[in-house]
Protein chains: 2
Amino acid sequence: MPKETITPRAADYSQWYLDIVRAADLSENSGVRGCMIIKPYGFAIWELVRDALDARIKATGHVNAYFPLLIPMSYLTKEAEHVAGFAPEAWEVTRGGGEPLPETYVIRPTSETIIGEAFSRWIKSWRDLPMLVNQWANVMRWEMRTRPFLRTSEFLWQEGHTAHVTEEEAERETLMVLNDVYAETVENVMALPVLKGMKTEKEKFAGAVRTYTIEAMMQDGKALQSGTSHNLGQNFARSFDMKYLSSANTEEYCWTTSWGVSTRLIGALIMAHSDDEGLVLPPAVAPIQVVIVPLWRSDAEREQTVAAARRLGGDAGNRFRWHVDDRENLSPGFKYNEWEVKGVPVRVELGPRDLASGSVMVARRDLPGRDGKQPFPLETATERIEALLTDIQASIYKRALDFRTSHTFEVETLSEFSDAIESGFAACWFDGDSGAEDEIQTRWKATVRLLPLEPPQGQGACFYTGRRTTRRAVFARSY
Amino acid sequence: MPKETITPRAADYSQWYLDIVRAADLSENSGVRGCMIIKPYGFAIWELVRDALDARIKATGHVNAYFPLLIPMSYLTKEAEHVAGFAPEAWEVTRGGGEPLPETYVIRPTSETIIGEAFSRWIKSWRDLPMLVNQWANVMRWEMRTRPFLRTSEFLWQEGHTAHVTEEEAERETLMVLNDVYAETVENVMALPVLKGMKTEKEKFAGAVRTYTIEAMMQDGKALQSGTSHNLGQNFARSFDMKYLSSANTEEYCWTTSWGVSTRLIGALIMAHSDDEGLVLPPAVAPIQVVIVPLWRSDAEREQTVAAARRLGGDAGNRFRWHVDDRENLSPGFKYNEWEVKGVPVRVELGPRDLASGSVMVARRDLPGRDGKQPFPLETATERIEALLTDIQASIYKRALDFRTSHTFEVETLSEFSDAIESGFAACWFDGDSGAEDEIQTRWKATVRLLPLEPPQGQGACFYTGRRTTRRAVFARSY
């Protein structure tokens, strides 16, 4: 088994990403156009992200349900903007049971329409509101150019769909999910700082009134949209006749929202934290948080150190997720490398000499080489390792935040914008319309990532039109 | 809101089932042919079943992964029996991105083929074996007549796929999953006793060498196949070139297995335990195990009893899943009925008089009416309720087991068989071939559910052919 080769970030960032995905055994292409196989190690990371999200989705009052995979084409066409956005990307089911189907179905690209149809039957009175439903599902969209996790024809996601009595309540929900579910999970679990803001008209979801987004910076300075939350106004309520009888006994249309995050998050996680040695995982989403590698030169030593390694794991109990690597046919060096490539946050080396001195050598993945190595007394090792994991989680977050801070530029002129966009985010006063956004995209391949939720006060001159404006924007190239 | 009407079992068992599904708000039909919507309460039950299975699947060494939804038609046709079994039920995807696809895809009816293709690339040496993979997924099969949970065109399931070095190891895996994962979960979590056995040639999975099954008895005496585990021999290994280099340095085909259970289990759960009042849920799969209903005649009393109800719930902590029903616009009687229909195992009534006397009235769902009601002292209520839940779980299991025992008949003659099959399982010596099975199915609508794993010793005369045989079978009508 040869050492996996990983292209350095500086040489070819895009190839580096593909190398990490392969070397860490996260996913691979399949024989189905644009679709990947999520391999066990990649899926275990997704399970941790998913469970963290699911807990927060439930804690904020939502319930899970499941709606059909297939959507009748007639549903999709009911909301004009929506069908324009999604029909060109459709995967179509035209035959069933050996016969042509009377109506074509589309594999769900998103479920506003089929859930809207259900809500129109479920909601009768204001007492049925708010209706707060979430679904974990696979969805499919036709994609010309794919990249593992970041852009695939099939992906896994959750999609929240809610209906409310008032516009204000729908807006509050949209922002609550963005802040308390999405930003909270991505920052505190995935250790990835995000900017929060609103999409422009040009960039919003097909069928939404307003789309909010969280955006993270990758190590090449590009943005990755990590989650979106849509205030749908009454667009889908009108298309699907979602009405309720108000407390004043009048018939009213609901106000609805939808919001989603996907396996794309795994792409963000990989790109934001990893290094030239391999994957780097924040402990909260590491399937194995601590790998214990017993060392030996004889069978007697093996027996002794493997037993001690198991004891250490047993002492840890539920404090952390540990694994003892006692494979016989591999050298310690090979094992260290393998766990490094797989991003395990802490490695514990346990040899006969360590045992004799009552200590273990502990190496942290986020600080490779000598800097990250230190001995812990065996007696207090599990407490110390637990504290170390907390420290690693915070350090990884801080590193990503520092990187973003040093790659975010306040720009006032076209020339400053040109420079900024080459290496990171450009924050600016921006007064342009969709036409201006198109021109900027053509010239610099950059888009408005968001209009910040909490912009600086005051006003300034738009870097592009020169007009005075109170509107702030963050531009970047993006995935 | 009118009281939900539930047809009594004795009047129309089939309608009773549909009434329970509707009244307990578990699922409903959708606008997509043969596909249901799993509503939040039904999905919460599925989540509990799924999590119990997932824990056991992982505890027995399997890892989760995710494979594409779509299967190239060319994969499906590689195993002859398999394609014959599944192609007629296929949902076909023929267009993508607005164009006809170069190759037709099938929405996975099961994933032996696409996972087999992956395994052929993943497995190189005996050191890579056993390969123990599981997937949670949606699948689709064309169905002419559907019934919620029991038979739907789309359903949710898990499918395990494993590859082994020897035939014996594959056989051991097939039986281990049947016993330690499936029977264990269905009996101890879903409180549903199962028979374990092997399918006949006629009834086995398309492409398997041997199919093992667990079968449960419903309250109309019919069998419901609740999980199957297949020893696939080298059939798929040969079709997909799944080879490994043995420790003796020779190329060998793997021995593979596959096994699955689905949302069908929810149908079994409903049919086996529920009564004419509504759903009955074993506590282990009840989303709400204890509903606490505070009673009041004045605002002051309301404040007092709602606070006490919350305190009781708070005391319970993680001992059980509780919910305080403090809705203002509904009468206690309405609430009692609603939670009864929804199968909540324990109801706690808490009024001002109870508070004054330091006790609460506790009602168990599995014993409706006076028999199931008793007062608990408030001080020890949470411990008592916890113990009661354990008792209810055991009682529900025992009731199902007693029912099965009293509806299982040892038969020796055609006339005994005729009688037995009208009300339950017919256990017998059976020496017939597929032809005999066909004749029996035509005449009595009954099939061999299984050849028991642990048959009685000895031999007897086949009830059908009259020949002496050592082969035992259990016949029944089935869902």
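Just so it is clear, the structure is predicted and the values come from calculations on it, not from any experiment.

**Concerning the overall build of chain A**
Helix and strand counts for chain A come out as 14 helices and 25 strands. A compact globule built from 479 residues should have a C-alpha radius of gyration of about 23 Å, and chain A, at 25 Å, falls within 12% of that. A total of 479 residues make up chain A; the buried ones form 57% of that total. Here chain A holds 55 positive side-chain charges and 67 negative ones, and the gap between their average locations is 2 Å.

**Focus on the sheet that holds strand β14 (residues 255-262) of chain A**
Residue and element names in this part refer to chain A. Across the sheet, 11 strands lie side by side as β3-β7-β8-β14-β11-β10-β9-β22-β25-β21-β20; this open sheet has mixed pairing. Lying at the two open borders of the sheet, with one neighbouring strand each, are β3 (63-64) and β20 (408-410). Two strands pair when backbone bridges link them, and strand β21 (residues 425-429) and strand β25 (residues 472-476) are joined in this way by four bridges, in the antiparallel orientation. Opposite Ala426, over in β25, you have Phe475 as the bridge partner. Across the sheet, helix α12 (residues 381-406) touches β9 (195-198), β10 (210-217), β20 and β21, and the angle it forms with β20 is around 30°.

**Let's talk about the packing of helix α13 (residues 414-423) of chain A against helix α14 (residues 434-444) of chain A**
All names here are of chain A. It is the contact of α13 with α14, at a shortest axis distance of 12 Å, that shows an interaxial angle of 55°. Classified by the angle their axes make, α13 and α14 are oblique. Crossing handedness for the pair α13 and α14: right-handed. Side by side, α13 and α14 meet where Leu414, Phe417, Ser418 and Ile421 of the first sit next to Ile440, Arg443 and Trp444 of the second.

**Focus on the pairing of strand β8 (residues 154-164) of chain A**
All names here are of chain A. Counted residue by residue, β8 has 11 buried out of 11 residues, so it is predominantly covered. Alternating positions in β8 separate into two faces, Glu154, Leu156, Gln158, Gly160, Thr162 and His164 on one and Phe155, Trp157, Glu159, His161 and Ala163 on the other, with burial throughout. Where strand β7 (residues 131-140) lies against β8, 10 bridges are found, and the strand directions are antiparallel. Looking at the pairing, Ala137 lines up with Trp157 of β8. When β8 meets β14, the two strands line up antiparallel, connected through eight bridges. Residue pairing in the sheet places His161 in a bridge with Ser258 of β14.

**A closer look at the relation of the copies chain A and chain B**
When chain A is fitted to chain B, the residual RMSD is 0.0 Å, and the transformation amounts to a turn of 180° plus an axial shift of 0.0 Å. Taken together, the turn and the small shift mark the pair as related by a two-fold rotation axis. Within chain A, Val93 of chain A has its C-alpha nearest the rotation axis, a separation of 2.2 Å. Comparing interface residues between copies, 100% of those in chain A also sit at the interface in chain B, which points to an isologous, same-surface contact.

**Digging into unusual backbone geometry**
Each neighbour pair has its own omega, and for Leu129 of chain A with Pro130 of chain A the value is -5°, a cis peptide bond. The backbone of Asn249 of chain A shows a phi angle near 70°, a positive value even though the residue is not glycine. Relative to the assigned elements, Asn249 of chain A resides in the loop between β12 (243-245) and β13 (251-253). Positive phi outside glycine occurs at Phe149 of chain B, with the angle close to 70°. Within the secondary structure, Phe149 of chain B sits in the loop between β7 (131-140) and β8 (154-164). Its relative accessible area of 2% is what places Phe149 of chain B among the buried residues.

**Some words on the interface of chain A and chain B**
Counting residues at the interface gives 50 residues for chain A, matched by 50 residues for chain B. Where chain A abuts chain B, roughly 4,100 Å² becomes buried across the two surfaces, and 61% of that area is made up of carbon and sulfur atoms. When residues of chain A are sorted by the area they lose upon contact with chain B, Val32, Tyr66 and Glu92 of chain A head the list and together hold 14% of the total. In this structure, Glu92 of chain A engages Arg95 of chain B in a salt bridge whose closest nitrogen and oxygen atoms are separated by 3.2 Å. Linking chain A to chain B there are 26 residue pairs in polar contact (both at pLDDT 80 or more). In terms of residue count, the dominant contributor to the side of chain A that touches chain B is strand β5 (residues 91-96) of chain A (six residues). Of the residues in the side of chain A that touches chain B, the class split is 29 nonpolar, 10 polar and 11 charged. Judged from the five bridges that link them, β5 of chain A and strand β5 (residues 91-96) of chain B form a sheet pairing that is antiparallel. The residue bridging Gly96 of chain A from the neighbouring strand is Trp91 of chain B, located in β5 of chain B.

Parameters and conventions
- Residues numbered from 1 in each chain as written.
- Chains lettered and ligands numbered in written order.
- Predicted model: local features only at pLDDT ≥ 70, side-chain atom pairs only at ≥ 80, totals over all residues.
- Heavy atoms only, no water.
- Helix = DSSP H or I, 4+ residues; strand = E, 2+ residues; numbered from the N terminus.
- Rg over C-alpha atoms; globule rule 2.2 N^0.38 Å.
- Buried < 20%, exposed > 50% of the residue type's maximum accessible area, 1.4 Å probe, protein only.
- Lys, Arg positive; Asp, Glu negative; His and termini not counted.
- Charge placed at Lys NZ, Arg CZ, Asp CG, Glu CD.
- Pairing = 2+ DSSP bridges.
- Contact = heavy atoms within 4.5 Å.
- Axes fitted to C-alpha atoms, helices over the stretch in contact; angles between N-to-C directions.
- Parallel < 35°, antiparallel > 145°, perpendicular 65-115°, else oblique.
- Left-handed = near helix turned anticlockwise from the far one by under 90°.
- Least-squares fit on C-alpha atoms with pLDDT ≥ 70 in both.
- Buried area = accessible area lost by both parts, 1.4 Å probe.
- Salt bridge = Lys/Arg side-chain N within 4 Å of Asp/Glu carboxyl O.
- Polar contact = N/O pair within 3.5 Å; in protein donor to acceptor, adjacent residues only side chain to side chain.
- Nonpolar A, V, L, I, M, F, W, Y, C, P; charged D, E, K, R; others polar.

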